[in-house]
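Here is what each chain is made of, one letter per residue.
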Amino acid sequence: MLLQRVCLTELRGQQGLRPLVCRALTTSHPRLEVKPAGKEHLVRVKLNSGLPIYTQQKTDQDWGNVWPAARTFSPATVPFPVRQGYPASGKPTPDKWGNAELMKIPNFLHLTPPVIKRQCEALKKFCTTWPARLETATKQEKHFPVTISKSSYLHSSPTVRDSKARIVTLQVSLKSLELDQHGRDKLLRLVGERYQAASDRLTLVADRCPLSKQNYEYCQYLMTVLYNESVKMEPWEHEKEVADREKFIWEGSPSQAAAQTALTARRATDAEEVLKEYELVVTDLHNEGEDETTIERYKESVMRLLNLADPQDAAKVAHSQVC
């Protein structure tokens, strides 16, 4: 019976303190003033007048000291109006006072630009200087052609793991592999759509293993196998003929022999330039397909190769002479 009375007394005391605690959360904290008094220092506590904290803040204050870390939104501390939530019919959006919606969502009031700059300056002493010979992206790609990318996630949840953190991406420039024509063509056929022709980069993404370290090792394994298979020459590959090639190759083709014969017969002075242009046009026509642009370029190149005049231009000249 005595124990029940003690518990009841404590419960009533807590209920009596609850309004005071709620009021303290919406008002400023007690302010301490230290004044010298001889050899000793007296500490005087001035109680607040019940006004919010932001009414006593200065305009040139250091906001990093007011809001130094991530915390729940406090309407009495934030010195500007904030509204959040669904407005009732005929009323504006709820303001910051007593707004549970503002307390639910995370805020970034502790990451203002001056605070971020200050934190970066503090972290500089733990960083190493950038290598002197890696100023440009070209030099970085030359010495470090492989790029490994992964992500780490921090959030409040029952588990610290995130399934997306296991994904690892490996990117490498194809020119850094130093493959010949055979190896490059074979590698492109093995990787398929993982190669971006615009940037000349090969991208491998691994996410089948539960840990990022395992996926990183799997990416390394894939890259090793792809390279070794590309440089390998199978016995049956020597039996390929011109008609069996995957794409048109100018060297040793019938088109090259015919063009050289035509230029030799007419003893052209600009034979090298004409032959180079004809090579590019024919290669594009075979590998990229026929369209109006490639057909028109092929027509102009052949007429220049055989030293023929355009029939339309000749008709215009004849018409002008008759007139």
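One numbering rule holds for all chains: residues counted from 1, following each sequence as written. In keeping with the model being predicted, local features are shown solely for residues with a pLDDT of at least 70 and side-chain atom pairs are shown and tallied solely at 80 or more, while totals for entire chains, interfaces and linings include all residues. Side-chain numbers here rest on the full set of heavy atoms in the structure, without hydrogens or water.

**Q** Please provide a residue-by-residue account of the pairing of strand β6 (residues 201–206), values included.
**A** Note on exposure labels: buried denotes an accessible area under 20% of the residue type's maximum, exposed denotes more than 50%, and partly exposed covers the range between, all computed with a 1.4 Å probe on protein chains only. Think of it this way: any DSSP run of H or I at least four residues long counts as a helix, any run of E at least two long counts as a strand, and we number them from the N terminus. Most of β6 sits out of view: 5 of its 6 residues are buried. Two strands qualify as a pair provided DSSP detects at least 2 bridges between them. Across 6 bridges, strand β4 (residues 168–173) lies against β6 in antiparallel orientation. Paired with threonine 169 across the two strands is valine 205, which belongs to β6. Pairing analysis gives 2 bridges linking strand β5 (residues 195–196) to β6, with the strands arranged antiparallel. Residue tyrosine 195 lies in a different strand from β6, and its bridge partner there is leucine 202.

**Q** Describe the nonpolar core, naming the residues involved and giving the relevant values.
**A** Most often, soluble globular proteins have nonpolar side chains that are buried together. By nonpolar core is meant a set of buried Ala, Val, Leu, Ile, Met, Phe, Trp, Tyr and Cys residues that side-chain atoms within 4.5 Å join together. Ranked by size, the top nonpolar core spans 15 residues in total, and within it Leu177, Leu187, Leu202 and Met223 carry the most contacts. If you list the elements that add at least two residues to this core, you get β4, α6 (181–191), β6 and α7 (212–231). Ignoring any residue separated from it by four or fewer positions in sequence, one finds leucine 187 in contact with Leu174, Leu177, Leu179, Leu226 and Ser230. By size, the runner-up hydrophobic cluster in this structure holds 10 residues, among which are Phe248, Leu263, Val274 and Val282. The contact criterion used throughout is that any non-hydrogen atoms of two residues lie within 4.5 Å.

**Q** Give me the lowdown on the sheet that holds β4, citing residues and values where you can.
**A** Here we have 4 strands laid out as an open sheet, ordered β3-β4-β6-β5, and antiparallel in their pairing. Every other strand in the sheet has two partners, leaving β3 (146–150) and β5 as the edge strands with one partner each. Packed on one face of the sheet, α7 meets β3, β4 and β6 and runs near 140° to β6. Axes here refer to lines fitted to C-alpha atoms; in helices the fit is confined to the stretch in contact. Angles between the N-to-C directions go from 0 to 180 degrees.

**Q** Can you break down the environment of serine 199 residue by residue, with the values?
**A** If you trace the backbone, serine 199 turns up in the loop between β5 and β6. Residues serine 199 and serine 173, 26 residues apart in the sequence, show an inter-C-alpha distance of 8.1 Å.

**Q** Can you break down the side chain of glutamate 237 residue by residue, with the values?
**A** With respect to the helices, strands and loops of the structure, glutamate 237 is situated in the loop between α7 and α8 (254–266). Using a relative accessible area of 11% as the deciding quantity, one classes glutamate 237 as buried. Ignoring any residue separated from it by four or fewer positions in sequence, one finds glutamate 237 in contact with His182, Lys186 and Lys232.

**Q** If you had to explain the packing of aromatic side chains to someone new, which residues and values would you point to?
**A** Centres within 6.5 Å make a pair out of two Phe, Tyr or Trp rings, where for Trp the six-membered ring is used; the pair is then stacked when the planes are under 30 degrees apart, edge-to-face when over 60, and tilted otherwise. A complete count under the given rule lists 4 aromatic pairs for this structure. Here tryptophan 63 and tryptophan 67 contribute two aromatic rings whose centre-to-centre distance is 6.0 Å and whose plane-to-plane angle is 20°, an arrangement assigned as stacked. Through pairs of rings, three or more aromatic residues link up here, namely Trp250, Tyr278 and Tyr298. Only Lys NZ and Arg CZ are tested; either one counts as a charge over a ring when it is within 6 Å of the ring centre and within 35 degrees of the ring normal. Between the NZ or CZ atom of arginine 71 and the centre of the ring of tryptophan 67, over which it lies, the distance is 4.4 Å.

Functional significance is not addressed by these values, which are geometric in nature.
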